[in-house]
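Each chain, letter by letter, is given below.
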Amino acid sequence: MNDTSSSPENAPPAAPFAAGPPHIVLAGRPNVGKSTLFNRLIRSRRAITHDRPGITRDRMEGIVRRNGLPAYVVVDTGGVTLDAHAAVTEGPETLRGFEEDILRQTETALLAAAGVALVVDGRDGLLPLDEYLAAHLRRKGLPALCVVNKVDGVEREDELTAEFHSLGLPVIAVSAEHGYNMPLLAEALAELAGRDDKPAAEDARHNAVLRLAMLGRPNAGKSSLVNALSGEERMIVSSIAGTTRDSVDVRFVRNGQAYVFVDTAGVRRRARITDSVEKYSVSSALKSSGKADVTLLVLDATEGVSQQDKRLMDLLDTRKIPFLVLVNKCDMAPRAALKQLEKNIRAMLAFCPHVPVLPVSAKTGLDLRKIVPLAEKIHKECRVRVPTGRLNRAMEEVLARHQPPVIKRARAKFYYLTQAETAPPTFVFFVSDPERVPENYARYLERALRQLFGIVHAPMRLRLRPSHKKKQ
Ligand code: GDP
Ligand code: GDP
């Protein structure tokens, strides 16, 4: 990793006219798509665009807003308006002139910049002028990232971005024309600008309804739990006329926060089901989970874990559905039996040790008050978004603590770490050769990331993608 490119402490002192929102400069060869990108960034945020003649001929600036507030100014350094493309393809003798022209324009813009996006063309591949510009930016020590444009879809992302990792800058693949990955880029640029206001966005969503699914075989105590949890605070029990019993939602409000138990038809049924081994449908259970933010799987402490429960746990895990396990009717189980049952459940959850197992009793009220806060915590962890700079510093630290093992006389080299998604948090390592990263090392990486970023109970994805060797 090129530390100097991402650490703000290496940035030059702010230029005198940099007051107000920080500036992010789009730099790059002609024809890579800078103005398309500029327009997309501006338009997608409905900001004001204005020409600012005088500094350079056709430099453009526009304010990018996030959460209604000006977050940063994006600056298009302007294309070279001569027949630049033709000249660049003509050969090295004309290249120098363009380098100078581009650098001069970029230079002026950089005076006020908080960060730079070096835009390159994924279809052209890495060209000498890209390398030249990247080296120039590295020398400046400004926070920078490499935007690989014209990646018109996820299919060829790895292939089109691979060689750009050698520039030593964080790489993001986008399509300015089709909008691919633009939210990720907007966020990365905000982060470069030092105004990553994601937390404010999270706050805004804080009061959204938290959707819960309560699963488990008949008689496990689901309806008792729903009733106990929604209790007096229950506001509406909505049953949509004309639909099946399966679409009944129970809504309630607690401490100003709204919750919904989805698909509680089976749950609310008061009629006694005597056959406790009656099968519940795994596919309809998964469907309910799909409608919820967090799934609560209820087991019966007096019955143990059925095959169906086990299958469901495996499926929830492989589908990365956030869930927790409630062991209900604890009041009925002798202490030793309960301990043994918990041990069995933990063993079944060996591949997802992050899943919480909570013994409760709907009857006595034991630990019921822990359930909703725990679900909330899981939901919050699912939405964790770690800034790229922090991720890569963490990666260095984690690798230093335990080196990757030597496999067939070599170690895998880790170049870069990025968070591709939230819900669940998905981290992508760019690695020289992923086959040299054994399962247990991948698990070590996951544990380390979980610890560093407080993702304790939520599911998480970790991906290893092949990437080319760095040149430096
Ligand atoms: P600039 O000179 O760097 O400002 O580049 P422009 O924004 O003018 O774009 C150069 C050419 O690339 C134009 O023909 C654009 O339509 C095209 N282009 C820009 N972005 C994309 C993209 O994401 N995918 C594809 N396929 N073409 C693009
Ligand atoms: P559901 O079919 O999963 O909705 O289960 P119910 O909520 O209808 O509960 C099935 C039976 O177990 C009922 O007779 C409940 O009174 C009883 N039950 C539920 N939770 C508990 C508990 O924590 N302790 C005890 N002793 N009985 C419970």
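Residues numbered from 1 in each chain as written. Chains lettered and ligands numbered in written order. Predicted model: local features only at pLDDT ≥ 70, side-chain atom pairs only at ≥ 80, totals over all residues. Heavy atoms only, no water.

Trainee: Please clarify how the site of ligand 2 should be interpreted in this entry.
Mentor: The immediate surroundings of ligand 2 are formed by 17 residues, with N219, K222, S223, S224 and D331 found nearest. A distance of 3.2 Å is found between an oxygen atom of ligand 2 and a backbone nitrogen or oxygen belonging to A220. Between G221 and ligand 2, the recorded distance is 2.9 Å, taken from a backbone N or O atom to an oxygen atom. Relative to its unbound accessible surface of 580 Å², ligand 2 loses 82% to contact with the protein. When residues in the shell around ligand 2 are grouped by element, the largest group, three residues, is from helix 9 (residues 222–230). The class makeup of the residues in the shell around ligand 2 is five nonpolar, six polar and six charged. (Near = heavy atom within 4 Å. Polar contact = N/O pair within 3.5 Å; in protein donor to acceptor, adjacent residues only side chain to side chain. Areas by Shrake-Rupley, 256 points an atom, 1.4 Å probe, with all protein chains shown as cover. Helix = DSSP H or I, 4+ residues; strand = E, 2+ residues; numbered from the N terminus. Nonpolar A, V, L, I, M, F, W, Y, C, P; charged D, E, K, R; others polar.)

Trainee: Looking at this model, I keep getting lost on the site of ligand 1. Mind explaining?
Mentor: In the vicinity of ligand 1, 15 residues are found, and the nearest of them are N31, K34, S35, T36 and E177. Between an oxygen atom of ligand 1 and a side-chain N or O atom of T36, the distance comes to 2.6 Å. Contact between ligand 1 and D152: a nitrogen atom at 2.9 Å from a side-chain N or O atom of the residue. In terms of residues, the shell around ligand 1 owes the most to one element, helix 2 (residues 34–44), which gives three residues. Here the residues of the shell around ligand 1 sort into three nonpolar, six polar and six charged.

Trainee: Explanation requested: helix 7 (residues 182–192) in the structure shown.
Mentor: Given 3.6 residues to a turn, an α-helix orients residues that are three or four positions apart in the same direction. Among the eleven residues in helix 7, nine count as buried, and that is most of the element. Residues of helix 7 that are buried include every one of M182, L184, L185, A186, E187, A188, L189, A190 and L192, and no others. Two residues or fewer past helix 7, G194 is found with a positive phi of approximately 80°. (Buried < 20%, exposed > 50% of the residue type's maximum accessible area, 1.4 Å probe, protein only.)

Trainee: It is not clear to me how the nonpolar core should be interpreted in this structure. Could you clarify?
Mentor: Most often, soluble globular proteins have nonpolar side chains that are buried together. Formed by 49 residues in total, the largest nonpolar core has its most connected members in L225, F261, L296, L326, I371 and F414. Of the residues that make up this core, three or more belong to each of domain 2 (205–381) and domain 3 (388–466). When residues no more than four places from it in sequence are discounted, the contact partners of L225 are M214, V298, L326, N328, V360, A362, L368 and I371. (Core = buried A, V, L, I, M, F, W, Y, C linked by side-chain atoms within 4.5 Å. Domains from an automatic or database assignment. Contact = heavy atoms within 4.5 Å.)

Keep in mind that these numbers describe shape and distance, not what the molecule does.
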